[in-house]
There are 2 protein chains.
Amino acid sequence: MIDRLIEKIKEKGAPILAGLDPVYEMMPAYLKKEMFERYGKTPKAVAEMFYAFNCRIMDEIADIVPAVKPQIAMYERYGLDGLECYLKTVEYAKNKGLLVIGDIKRGDISSTAAAYAAHIGGVEIEGTHFDPWKEDAVTINPYLGTDGIAPFLPYCRDGKKAIFVLVKTSNPSSGELQDRIIDGEPLYCHVADLADKWGEESIGENGYSMVGAVVGATYKEQGELLRKRLPHTFFLVPGYGAQGGKGADLKNYYDKNGLGIIVNSSRGIIAAYQKDPEFAPADQVGREFAEASRKAALAMKEDLLRGRE
Amino acid sequence: MIDRLIEKIKEKGAPILAGLDPVYEMMPAYLKKEMFERYGKTPKAVAEMFYAFNCRIMDEIADIVPAVKPQIAMYERYGLDGLECYLKTVEYAKNKGLLVIGDIKRGDISSTAAAYAAHIGGVEIEGTHFDPWKEDAVTINPYLGTDGIAPFLPYCRDGKKAIFVLVKTSNPSSGELQDRIIDGEPLYCHVADLADKWGEESIGENGYSMVGAVVGATYKEQGELLRKRLPHTFFLVPGYGAQGGKGADLKNYYDKNGLGIIVNSSRGIIAAYQKDPEFAPADQVGREFAEASRKAALAMKEDLLRGRE
């Protein structure tokens, strides 16, 4: 999966991951109206808004971004209707040729982790294989140790799928636990070394393993140290844009070939119309709202390329 | 929620949490036959097996156990059909007067954690409140720090709902990160202190906060130390039975009133018929399989009460 990702990054010209994290407040009024009329004021209506919203955006940015990252929580909030929208979003993205990283941050022990591994490995029923979630990769929480990671690794070994382990997240309180010093080094460095080890048996043709790491854009020095420490680990970098990270901050997150990372922007892309004075506000804007997402993705591409130089 | 839990523990006479973690291999052949005939060899069929299986077991044990803990991963493995079964299981349990702790181990940052908080807090749509998941409490992963916990706390403050934070899990590799020493103490102690702090504003009438801790039965010394350290924190104790924990190991997990914990058993209760020679094996057993669960729950009650003395 990481090799396919690298190929798509080269093809599109920039390592942008569009975070499909819709919230109700982002929905243009025309979508609210349509879906409330059709489904009443229900979770189903909101889920259908999200789906229409996501599709419009993907239509506008599919030629610019290599991959999308739907955040499953935003869908799970609306129950089964929301999760149906998550699944339809994954399918729509794949039909558009986009790779899909499911931001699920699951983490549990052995037999339970094996169940969550269905996200990338599917499930067998009496000899027939089903793929209920269809993501190309997912994010995983490492707090439970190797027991929680091992069940995902068989699906990574042949290179088809990947996981991204939370190493150093981009949020303000990430340091509460992740930065605490253990044997002279912060916890996240120990997790980084585990991620490196977990990936040893799945190194792809570009030298990167199928076990990536989540490394926030908002902690630049840590990110640079982690790049040196983890030459075989691809980084998923959150925290760009709305959270404060900039293209220039990421200069030393790249490898010597200008690869090795994919940078997520969620609100910055999907809710771009709400901050762009060229577009009408939510209560007036029409389906052109997604053109603001295109514009934002192009601006991000430019910022990333300038930062990489 | 913790006060209601304590009330139910007193009423039923023992702090048993039945883990509803069905896997396909546990299903009696009569259920497979019925559901495959009805739905084909599909995820829907397996989900319906799980639901029938869970209901039979709850019918047999509802007078013995105060609460159940469905592990969402086991359902999520089968996609939307599986999650529909999860939700129906939660509803069935509540109709039986059982409290429900959703074992979801979600953990994410601010706005995303706020979305996951819908599990206990529901969601508003244009002034109407929906409760898409209906659990009384959920388990949470603390790796992302306070940002990931804060959005759940408002629903705990009035005592109606609760969360259980992973502190020291019961699995073999839990020590890889959780036992690492930080400032002279293992990481899990720092998490324990955070859990104590997170619970400060939601202390209920029994002196316990609505922020509980997951503390494994398999690490007895750590459990005892944590009980002393956390006088206001209710413990959800996994690792009993199949994982090796015994009633006698838990003597010092209780508070001076013989309360303070709820002990989970999953396979030991729900798959009891597979280990009990009084019952036929999976390919022959009928709906009486669940009587083995009743027997196992009663044996666990006795073992817990003996251990507590």
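First, a word on what this report is: a plain description of the structure on this page.

The rules we used
Residues numbered from 1 in each chain as written. Chains lettered and ligands numbered in written order. Predicted model: local features only at pLDDT ≥ 70, side-chain atom pairs only at ≥ 80, totals over all residues. Heavy atoms only, no water. Contact = heavy atoms within 4.5 Å. Buried area = accessible area lost by both parts, 1.4 Å probe. Salt bridge = Lys/Arg side-chain N within 4 Å of Asp/Glu carboxyl O. Axes fitted to C-alpha atoms, helices over the stretch in contact; angles between N-to-C directions. Helix = DSSP H or I, 4+ residues; strand = E, 2+ residues; numbered from the N terminus. Parallel < 35°, antiparallel > 145°, perpendicular 65-115°, else oblique. Left-handed = near helix turned anticlockwise from the far one by under 90°. Nonpolar A, V, L, I, M, F, W, Y, C, P; charged D, E, K, R; others polar. Buried < 20%, exposed > 50% of the residue type's maximum accessible area, 1.4 Å probe, protein only. Pairing = 2+ DSSP bridges. Least-squares fit on C-alpha atoms with pLDDT ≥ 70 in both. Core = buried A, V, L, I, M, F, W, Y, C linked by side-chain atoms within 4.5 Å.

So, the interface of chain B and chain A
Put simply, an interface is often sized by how much accessible area is lost when its parts join up. With 67 residues of chain B at the contact, the number on the chain A side is 67 residues. Here chain B meets chain A over a buried area of about 5700 Å², counting both sides, of which 61% is carbon and sulfur. Among the residues of chain B in contact with chain A, Arg77, Tyr143 and Leu177 of chain B are the three that bury the most area, contributing 15% of the side total. If you look at where chain B meets chain A, you find 6 salt bridges.

Points about the packing of helix H3 (residues 43–61) of chain B against helix H14 (residues 289–308) of chain B
Residue and element names in this part refer to chain B. Axis separation between H3 and H14 bottoms out at 8 Å; the angle between their running directions is 45°. Regarding the angle of H3 to H14, the classification is oblique. Considering only the axes of H3 and H14, their crossing is right-handed. Of the residues in H14, those touching H3 at Phe53, Arg56, Ile57, Glu60 and Ile61 are Phe289, Ala290, Glu291, Ser293, Arg294 and Ala297. Its residues placed into classes, the contact of H3 with H14 shows 6 nonpolar, 1 polar and 4 charged.

With respect to the environment of Val191 of chain B
For Val191 of chain B, the location among the structural elements is in helix H11 (residues 187–198). On the basis of relative accessible area, Val191 of chain B is assigned to the buried category, the value being 0%. As for Val191 of chain B and Gly145 of chain B, which are separated by 46 residues in sequence, their C-alpha atoms are 8.9 Å apart. Those residues in contact with Val191 of chain B that sit more than four places away from it in its chain are Tyr143 and Leu177 of chain A together with Pro142, Val165, Leu166 and Val167 of chain B.

Brief notes about the sheet that holds strand E11 (residues 235–237) of chain A
Residues and elements named next belong to chain A. Strand order in this closed barrel of 8 strands is E1-E2-E3-E6-E7-E10-E11-E12, and the pairing throughout is parallel. In this sheet, neighbouring strand axes are inclined to one another by 30° on average, regardless of whether the strands run parallel or antiparallel. Pairing of strand E6 (residues 137–140) with strand E7 (residues 162–168), which is carried by 4 bridges, proceeds in the parallel orientation. Looking across to E7, one finds that Ala137 is bridged to Ala162. Along the sheet, helix H11 (residues 187–198) makes contact with E7 and strand E10 (211–215), crossing E7 at roughly 165°.

Concerning the relation of the copies chain B and chain A
Rotating chain B by 180° and moving it 0.0 Å along the rotation axis overlays it on chain A with an RMSD of 0.0 Å. Taken together, the turn and the small shift mark the pair as related by a two-fold rotation axis. It is Ile182 of chain B whose C-alpha, among those of chain B, lies nearest the rotation axis, at 2.6 Å.

Focus on the environment of Ile182 of chain A
Turning to its location among the elements, Ile182 of chain A is positioned in strand E8 (residues 181–182). On the basis of relative accessible area, Ile182 of chain A is assigned to the buried category, the value being 0%. Not counting residues within four places of it along the chain, the set of residues in contact with Ile182 of chain A comprises Leu187 and His190 of chain A together with Arg180, Ile181 and Ile182 of chain B.

Notes on the pattern of salt bridges
Summed over all chains, the structure comprises 52 salt bridges over all chains. In this structure, the salt-bridge partner of Glu302 of chain A is Arg306 of chain A, at a minimum N-O distance of 3.5 Å. One end of the pair is Glu302 of chain A and the other is Arg306 of chain A, both in helix H14 (residues 289–308) and 4 residues apart, which spans about a single turn. In this structure, Arg229 of chain B engages Asp193 of chain B in a salt bridge whose closest nitrogen and oxygen atoms are separated by 2.8 Å. Residue Arg229 of chain B is found in helix H12 (residues 220–229), and its partner Asp193 of chain B is found in helix H11; the two are separated by 36 residues along the sequence. Residue Arg229 of chain B is classed as partly exposed on the basis of its relative accessible area, which comes to 28%. Judged by its relative accessible area of 33%, Asp193 of chain B falls in the partly exposed class.

Thoughts on the sheet that holds strand E6 (residues 137–140) of chain B
Strand order in the closed barrel formed by 8 strands is E1-E2-E3-E6-E7-E10-E11-E12 (chain B), with parallel pairing between adjacent strands. Strand after strand, the sheet turns through a mean of 30° between neighbouring axes, direction not considered.

Digging into the nonpolar core
Grouped together as the largest cluster of nonpolar side chains are 232 residues, with contacts concentrated most on Met49, Ile163 and Leu250 of chain A together with Met49, Ile163 and Leu250 of chain B. With 11 residues, H3 of chain B is the single largest residue contributor to this core. Discounting chain neighbours no more than four positions away, the residues touching Ile163 of chain A are Ile120, Val138, Ile140, Ile149, Phe152, Leu153, Cys156, Met210, Val211 and Gly212 of chain A.

Describing the pairing of E7 of chain A
Residue and element names in this part refer to chain A. Where burial is concerned, most of E7 is hidden: 7 out of the 7 residues are buried. As defined by bridge partners, E7 adjoins E10 across 5 bridges and the pair is classed as parallel. Following the sheet pairing, Lys168 is matched in E10 by Val215.

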